[in-house]
Amino acid sequence: MAVEGVQKKPFLLERSVSGLLRMAVRLGKNEDLTSLVVRSLAILESLNTQAMFNVARHVAFGLYELLRNNAANIHESEDWNIIFMLVEMVGAGVTPTGK
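Residue positions are given per chain, counting from 1 as you read along its sequence in written order. Whole-chain, interface and lining totals are the exception, using all residues; otherwise, since this is a predicted model, local features are given only for residues with pLDDT of at least 70 and side-chain atom pairs are given and counted only at 80 or more. To obtain the side-chain values, all non-hydrogen atoms of the structure were included, while hydrogens and water were left out.

Participant: How do you make sense of the pattern of salt bridges when you look at a structure like this?
Facilitator: Think of it this way: side chains of opposite charge can pair up when their charged atoms draw near. One side-chain nitrogen of Lys or Arg within 4 Å of one carboxyl oxygen of Asp or Glu is enough to make a salt bridge. Taken as a whole and judged by the stated rule, the model has 3 salt bridges. Between R39 and E78 there is a salt bridge, with its nearest N and O atoms 3.7 Å apart. In this pair, R39 sits in helix α3 (residues 34-40) while E78 sits in helix α5 (residues 77-92), placing the two residues 39 residues apart along the sequence. A residue is classified by how much of its surface remains accessible, and R39, at 33% relative accessible area, is partly exposed. The buried label applies to any residue whose accessible area, calculated with a 1.4 Å probe on protein chains only, is under 20% of its type's maximum; exposed applies above 50%, and partly exposed to all values in between. Residue classification places E78 among the partly exposed positions, given a relative accessible area of 43%. The residue D79 makes a salt bridge to R39 at a minimum N-O spacing of 2.8 Å. Residue D79 is located in helix α5, and its partner R39 is located in helix α3; the two are separated by 40 residues in the primary sequence. Assessed through its relative accessible area of 1%, D79 is described here as buried. Secondary structure counts use DSSP, requiring at least four H or I residues in a row for a helix and at least two E residues in a row for a strand, with both numbered from the N terminus.

Spelled out as structure tokens, the structure:
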């Protein structure tokens, strides 16, 4: 999978995660796209522990901006589950279920 290749290149991983989160913040303002945007963040759950540790600050700040600007547009419980899982991963170092 492409995620495995990127995990070996920390700079590329940081840039990719930052770009994904910046797009999420901008596209999340459109209520029709918000669910799709949040579900695209689920790919971050596939990062291994070391890779997530390397980008934890980027993910935390990106989620903060996403929620600050677009929380009112997030209605689906699956979307909130993704957000809370990412918050747990970057804040408490929790690994996703099934890993």
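Participant: Sorry, what's going on with a positive patch on the surface here?
Facilitator: A grouping of R15, R22, R26 and K29 is seen on the molecular surface, where their side chains present a positively charged patch. Position of K29 relative to the elements: it lies in the loop between α2 (10-27) and α3. For K29, a relative accessible area of 54% puts it in the exposed group. What goes into a patch is any residue over 30% in relative accessible area without a salt bridge, connected to like charges within 9 Å or, for nonpolar side chains (Val, Leu, Ile, Met, Phe, Trp, Tyr), within 5 Å. Areas reported here follow the Shrake-Rupley algorithm with a probe of radius 1.4 Å; residue values treat only the protein chains shown as occluding. Under this rule, positive means Lys or Arg and negative means Asp or Glu; His and the chain ends count for nothing. To locate a charge, take NZ of a lysine, CZ of an arginine, CG of an aspartate or CD of a glutamate.

Participant: Is there a simple way to think about the side chain of N73 in this case?
Facilitator: The residue N73 is located in the loop between α4 (49-70) and α5 in this model. Residue classification places N73 among the buried residues on the basis of a relative accessible area of 16%. Within the local environment of N73, its side chain forms a polar contact with the backbone oxygen of G28, the two atoms lying 3.2 Å apart. Here a residue-residue contact requires only that any non-hydrogen atoms of the pair lie within 4.5 Å. The residues touching N73, leaving out its near neighbours within four places in the chain, are G28, K29, E31 and T34. Counted as a polar contact is a pair of N or O atoms within 3.5 Å, where, for protein atoms, one must be capable of donating a hydrogen and the other of accepting one, and residues adjacent in sequence contribute only when both atoms are in side chains.

Participant: Where do I start with the nonpolar core in this structure?
Facilitator: Across soluble globular proteins, nonpolar side chains show a tendency to be buried alongside one another. Here, nonpolar core refers to any group of buried Ala, Val, Leu, Ile, Met, Phe, Trp, Tyr and Cys residues whose side-chain atoms link them within 4.5 Å. Formed by 23 residues in total, the largest nonpolar core has its most connected members in L41, L44, M52, V59 and L86. With residues near it in sequence (within four places) discarded, L86 still touches L41, L44, E45, M52 and L63.

Participant: Got a minute to help me understand the environment of I82 in this structure?
Facilitator: Tracing the backbone through its elements, the reader meets I82 in helix α5. We classify I82 as buried; its relative accessible area is 8%. Placed 40 residues apart in sequence, I82 and A42 show a C-alpha to C-alpha distance of 6.1 Å. Once you skip the residues sitting within four places of it in the chain, I82 turns out to touch V38, R39, L41, A42 and E45.

Purely spatial values, then, with no claim about function.
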